Amino acid sequence: MVNSMTAFGTAQGSEGASIWAWEIRSVNGRGLDVRVRLPEGFDALEPPLRKALGAVAKRGTITAGLKLRRRVETAGAALNGDALAQVAAALSQVQRALVDAGADVTAVDPAAVLALPGVYDRSESEDDPAALIPALTHSLKAAVSGFAEARAAEGRVLKGILTDQVDRIEALISEARTILPGRDARAGEVLRANVAKVLSDALDADRLAQELALLAVKSDVAEELDRLAAHITAARALLADQGPMGRKFDFLTQEFNREANTLCSKAGYEPLTRIGLDLKTTIDQMREQVQNVE
């Protein structure tokens, strides 16, 4: 099955005063590289997280993180009477000193008093990290499942693109085979002209035979077309494979490209050269897509 290395998965949840969100992202990578970001106190989640991701992905750079916050409405507040009394006594003392000094004393702002440290305690109810682990683990499974589904969905799109490109290469090979008779006829005309020139230079018969044999070998593209056809069979087998196949397919595109280059260098015939260039373009496009395949 073709899976993409580019995907995203998320899951949200809540329990008590806690609200959280899991986020999993992945991009291309030569191997499997999992990077985990967890809040302090939740390190126990890392082993199951890595295990779950390793079960659904074999390649790619994956970043998985947990964002955790508290509900605002659960915040409580309490007036600290002792601290308030101390502040009030201090303010009275300051006011008397200012009056005695003849200073203009303005009214004290109650809000400013409440803002003093310790006078008005704001606190948030906090859940024990250990108590949240089961719920967070259950939510993690949903995030990983969504992540795996995203990889598979994009993989199906990639498979369709790659299949079309393999079909295009196969059609170009078939077209190349159909024009070979015309190429051979044209090559025959060129050969006869060259032979006439050679004979006019009184070249001996053995040397002429050697030159003709060498020319035939250099211009023969049957092997290249046969190897390209074999690569097509291998590509279709990889696309039908159930395991990771991105690396193998990447290597295969290099083999495709090697044969296309040789075909172009041997062509010696404009229609065949055009086919060779179309082959190279399609193979390059295919290789770009393969970089996203697991």
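Residues numbered from 1 in each chain as written. Predicted model: local features only at pLDDT ≥ 70, side-chain atom pairs only at ≥ 80, totals over all residues. Heavy atoms only, no water.

## Let's talk about the overall build of the protein
- From N to C terminus, the protein includes 8 helices and 6 strands.
- In the protein, which comprises 294 residues, the share counted as buried stands at 31%.
- Long-range contacts, defined as pairs at least 24 residues apart, comprise 80% of the intrachain contacts of the protein with a sequence gap of at least 6.
- Approximately 16,900 Å² of the protein is accessible, and the part contributed by carbon and sulfur atoms is 55%. (Helix = DSSP H or I, 4+ residues; strand = E, 2+ residues; numbered from the N terminus. Buried < 20%, exposed > 50% of the residue type's maximum accessible area, 1.4 Å probe, protein only. Contact = heavy atoms within 4.5 Å. Areas by Shrake-Rupley, 256 points an atom, 1.4 Å probe, with all protein chains shown as cover.)

## Here we look at helix H7 (residues 246-266)
- Here H7 contains 21 residues, and its C-alpha end-to-end distance of 31 Å stays within 8% of the 30 Å for a straight helix at 1.5 Å per residue.
- What H7 keeps buried is the set Gly-246, Phe-249, Asp-250, Leu-252, Thr-253, Glu-255, Phe-256, Asn-257, Glu-259, Ala-260 and Leu-263.
- Taken from the residues just after H7, Gly-268 is the one with a positive phi, measuring 60°. (Expected span 1.5 Å × (residues − 1).)

## Quick notes on helix H6 (residues 222-239)
- For H6, which comprises 18 residues, the first-to-last C-alpha distance of 26 Å matches the rise-based estimate of 26 Å (1.5 Å per residue) to within 8%.
- Within the sequence span of H6, burial applies to Glu-224, Leu-225, Leu-228, His-231, Ile-232, Ala-235, Leu-238 and Leu-239. Buried residues of H6, seen end-on, are gathered within an arc of 130° and therefore sit on one face of the element. (Arc of directions from axis to C-beta.)

## A look at the environment of Asp-220
- With respect to the secondary-structure elements, Asp-220 resides in the loop between helix H5 (205-219) and H6.
- Asp-220 sits 46 residues away from Lys-266 along the chain, and the two C-alpha atoms are 7.4 Å apart.

## Concerning the packing of H7 against helix H8 (residues 270-290)
- For the pair H7 and H8, interaxial distance at closest approach is 9 Å and the crossing angle is 165°. The angle between the axes of H7 and H8 places the two elements in the roughly antiparallel class. Remark: the crossing between H7 and H8 carries left-handed chirality. For the pair formed by H7 and H8, the contact residues are Gly-246, Phe-249, Asp-250, Thr-253, Gln-254, Phe-256, Asn-257, Ala-260, Asn-261, Leu-263 and Cys-264 on the first element and Leu-272, Thr-273, Gly-276, Leu-277, Leu-279, Lys-280, Ile-283, Asp-284, Met-286, Arg-287 and Val-290 on the second. (Axes fitted to C-alpha atoms, helices over the stretch in contact; angles between N-to-C directions. Parallel < 35°, antiparallel > 145°, perpendicular 65-115°, else oblique. Left-handed = near helix turned anticlockwise from the far one by under 90°.)

## Remarks on the layout of surface pockets
- In this model, the second largest pocket occupies a volume close to 220 Å³.
- Surrounding the second largest pocket, 13 residues form its lining, Arg-30, Arg-59, Arg-247, Asp-250 and Gln-291 being those nearest its centre.
- When residues in the lining of the second largest pocket are grouped by element, the largest group, 5 residues, is from H7.
- Looking at the lining of the second largest pocket residue by residue, the classes come out as 4 nonpolar, 5 polar and 4 charged. (1 Å grid on protein atoms, 1.4 Å probe; cavity = no way out; pocket = protein on both sides within 12 Å on 5 of 7 lines; lining within 4 Å. Points joined across faces, edges and corners; volume = space filled by probe spheres on them. Nonpolar A, V, L, I, M, F, W, Y, C, P; charged D, E, K, R; others polar.)

## Thoughts on the nonpolar core
- In this structure, Ile-169, Leu-225, Phe-249, Phe-256, Leu-272, Leu-279 and Met-286 are the most contacted members of the largest nonpolar core, which totals 31 residues.
- Broken down by element, this core gets its largest block of residues, 9 residues, from helix H4 (residues 129-200).
- Apart from the residues lying within four places of it in its own chain, the contact partners of Phe-249 are Val-166, Ala-235, Leu-238, Leu-239, Met-286 and Val-290.
- Membership of the second largest hydrophobic core comes to 22 residues, among which are Ala-11, Trp-20, Leu-45 and Leu-49. (Core = buried A, V, L, I, M, F, W, Y, C linked by side-chain atoms within 4.5 Å.)

## Looking at the pattern of salt bridges
- Counted under the stated rule, the structure contains 17 salt bridges.
- Ionic pairing is found between Asp-278 and Arg-168, a salt bridge with its closest N-O pair at 3.9 Å. Of this pair, Asp-278 sits in helix H8 while Arg-168 sits in helix H4, and the two are 110 residues apart along the sequence.
- Overlapping salt bridges bring together Glu-223, Glu-224, Arg-227, Glu-259 and Lys-266 as one network. (Salt bridge = Lys/Arg side-chain N within 4 Å of Asp/Glu carboxyl O.)

## Observations concerning the pairing of strand E2 (residues 18-27)
- Both strand E1 (residues 7-15) and E2 contribute to a ladder of 9 bridges, which runs antiparallel. Within E2, the position partnered with Phe-8 by the bridge is Arg-25.
- Remark: 2 residues form the turn of the hairpin made by E1 and E2, two consecutive strands paired antiparallel; Gly-16 in that turn has positive phi of roughly 60°.
- In terms of strand pairing, E2 meets strand E4 (residues 60-70) through 10 bridges, oriented antiparallel. Residue Glu-23 lies in a different strand from E4, and its bridge partner there is Gly-65. (Pairing = 2+ DSSP bridges.)

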